[in-house]
Amino acid sequence: MYERLLIRYGDLNLKGKNIKYFIDKANHLIREKLSGINVGFDFRHDRVYIMLNENDPLVVIERLNRVSGLYSYSLISKCAIDMDEIAHLALEMIVEKTRNLPTTFKVETKRADKNYPLTSQEISPIVAGKILSVAKNLTVDVHHPELTLNVEVRNDGAYLFMGQIKAMGGYPVGIGGKGMLMLSGGIDSPVAGYLAMKQGVEIECLHFESTPMTSIESVQKAIDLVEVLAKYAPHDKIKIHIVPFATLHSAIIANIPEPYIITIMRRMMYRIAEVIMRKNDCLCIINGESIGQVASQTLESMKCINLVTQALIIRPLAIFDKLTTMKIAQEIGTIEISNRPFEDCCTVYLPKNPVIRPSVELAEYYETLLDYKPKIDESVVNTKTLLLRTSKHFDITGMGISVGEGLSNENH
Ligand code: ATP
Ligand code: MG
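Residues numbered from 1 in each chain as written. Chains lettered and ligands numbered in written order. Predicted model: local features only at pLDDT ≥ 70, side-chain atom pairs only at ≥ 80, totals over all residues. Heavy atoms only, no water.

## Brief notes about the site of ligand 1
Then, in step 1: Lining the immediate surroundings of ligand 1 are 20 residues, of which Met182, Ser184, Ile187, Ser189 and Arg266 lie closest.
Then, in step 2: Take Phe208: an N or O atom from its main chain is 3.0 Å from a nitrogen atom of ligand 1.
Then, in step 3: At 3.0 Å from an oxygen atom of ligand 1 is found a main-chain nitrogen or oxygen belonging to Gly288.
Then, in step 4: Considering ligand 1 on its own, with 570 Å² of exposed area, one finds that the protein chains cover 93% of that surface.
Then, in step 5: Ranked by residue count, the leading element in the shell around ligand 1 is strand E11 (residues 202–209), at three residues.
Then, in step 6: Here the residues of the shell around ligand 1 are counted per class, giving seven nonpolar, eight polar and five charged. (Near = heavy atom within 4 Å. Polar contact = N/O pair within 3.5 Å; in protein donor to acceptor, adjacent residues only side chain to side chain. Areas by Shrake-Rupley, 256 points an atom, 1.4 Å probe, with all protein chains shown as cover. Helix = DSSP H or I, 4+ residues; strand = E, 2+ residues; numbered from the N terminus. Nonpolar A, V, L, I, M, F, W, Y, C, P; charged D, E, K, R; others polar.)

Written as structure tokens, this is what we have:
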């Protein structure tokens, strides 16, 4: 019954050239995410029509749900601009939706083709009257209808739709530049990455691994998470930088008093993240920190940790509670991977009494016990980068990698 899908863009409160940039990016993503499906495209200045060509609309919508910057969809049936035909088709659509249960409705008409002799105000009551004359379960309620039937009179026919399906929202990914996501294997950071992409920021990921202190499976978790996130990325691809952290990690555990272990570890992570962020032309670091979640995420701790970097830090989950984050993780399909029970470097050897109000002076003093600068350089030099694609791996150095066979790919 439905022959095309109307797509409305998201926040178009942008001005001038930015609107064009927004729409170009969104259209590009729409084409890309629908590639491989035989649909047609009709790009208009404030909307897009997808010609479904007999494809299942749900399959098309599932793909489009990966495009940030889209506001909503409506499934459209088309017929000739003839009051009887419109009423007939409208009734079919209403019956399919209501299964003949008593329902209130109204007809709303928009006349894009101003040459058509009847006005919008004239068309709506005619169509409603014809529907009412055959459908005894329907009544008109113009103020609070359960169903609104939209009729758009265009020069190539009448387009009919009911209601709007919510799309991903936000801004087209990439429009906001690129950020470096600190990706652990936990629940929070993939959600932070998704929200950043949804807001238009393309991401690369950075994962600290401490093998052999932590298991290789925790690295695999990060890789699998990136593959899920890549669904929302341009070209379905995201880079992950895997940073060896064991040398610093063991030095911290051996030299730092227990309450400060996590504080110092996080300060080291930020120092490294800033270098990798800049090397890869990212504008910010993104992470999954949430105020009060653990000792290292009290405001006092975050302030002490943040002091080691000049980088802009974006924390999309700062004010979320865990349930809100988990709900999103469920929706985007990362939670099952995050829940796999492997320790990563923030959860292995957890101190019993971590400091929640760290002293900056003490943190700085403890760091003098570490000779950390060469260790940071070593971590950065030995970082390996993979370019991952949703369910496929791309070798970006031509060395032939398969994640199942190991992580080695590109040395920086
Ligand atoms: P998540 O917060 O993702 O559930 P987590 O709870 O294990 O994972 P936290 O201890 O809350 O991690 O760390 C806060 C943030 O620090 C994470 O959201 C992530 O952005 C970053 N982070 C922690 N561990 C790592 C790691 N091994 N590699 C990269 N980033 C990390
Ligand atoms: Mg967390």
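## Digging into helix H5 (residues 188–198)
Then, in step 1: Counting buried residues along H5, 10 of its 11 residues qualify, which places the element largely inside the surrounding structure.
Then, in step 2: Buried residues of H5: Asp188, Ser189, Pro190, Val191, Ala192, Gly193, Tyr194, Leu195, Ala196 and Met197, and no others.
Then, in step 3: Looking one or two residues past H5, Gly200 carries a phi angle of roughly 100 degrees, positive in sign. (Buried < 20%, exposed > 50% of the residue type's maximum accessible area, 1.4 Å probe, protein only.)

## What about the pattern of salt bridges?
Then, in step 1: Summed over all chains, the structure comprises 22 salt bridges.
Then, in step 2: Its salt-bridge partner being Asp236, residue Lys33 comes within 2.6 Å of it at the nearest N-O pair. Here Lys33, found in helix H1 (residues 16–33), pairs with Asp236, found in the loop between helix H6 (216–229) and strand E12 (237–244); they are 203 residues apart in sequence, far enough to count as distant. Grouping residues by exposure puts Lys33 and Asp236 together as buried. (Salt bridge = Lys/Arg side-chain N within 4 Å of Asp/Glu carboxyl O.)

## Re the environment of Asp377
Then, in step 1: If you trace the backbone, Asp377 turns up in helix H13 (residues 372–381).
Then, in step 2: Overall, the relative accessible area of 48% leaves Asp377 in the partly exposed class.

## Describing the domain arrangement of the protein
Then, in step 1: Domain boundaries in the protein define domain 1 (4–166) and domain 2 (178–406).
Then, in step 2: Tallying the contact residues gives six residues for domain 1 and nine residues for domain 2.
Then, in step 3: Both faces considered, domain 1 and domain 2 share a buried interface measuring about 560 Å² in area, 43% of it formed by carbon and sulfur atoms.
Then, in step 4: There are one salt bridge connecting domain 1 and domain 2.
Then, in step 5: Viewed at the interface, domain 2 and domain 1 are joined by four residue pairs in polar contact (both at pLDDT 80 or more). (Domains from an automatic or database assignment. Contact = heavy atoms within 4.5 Å. Buried area = accessible area lost by both parts, 1.4 Å probe.)

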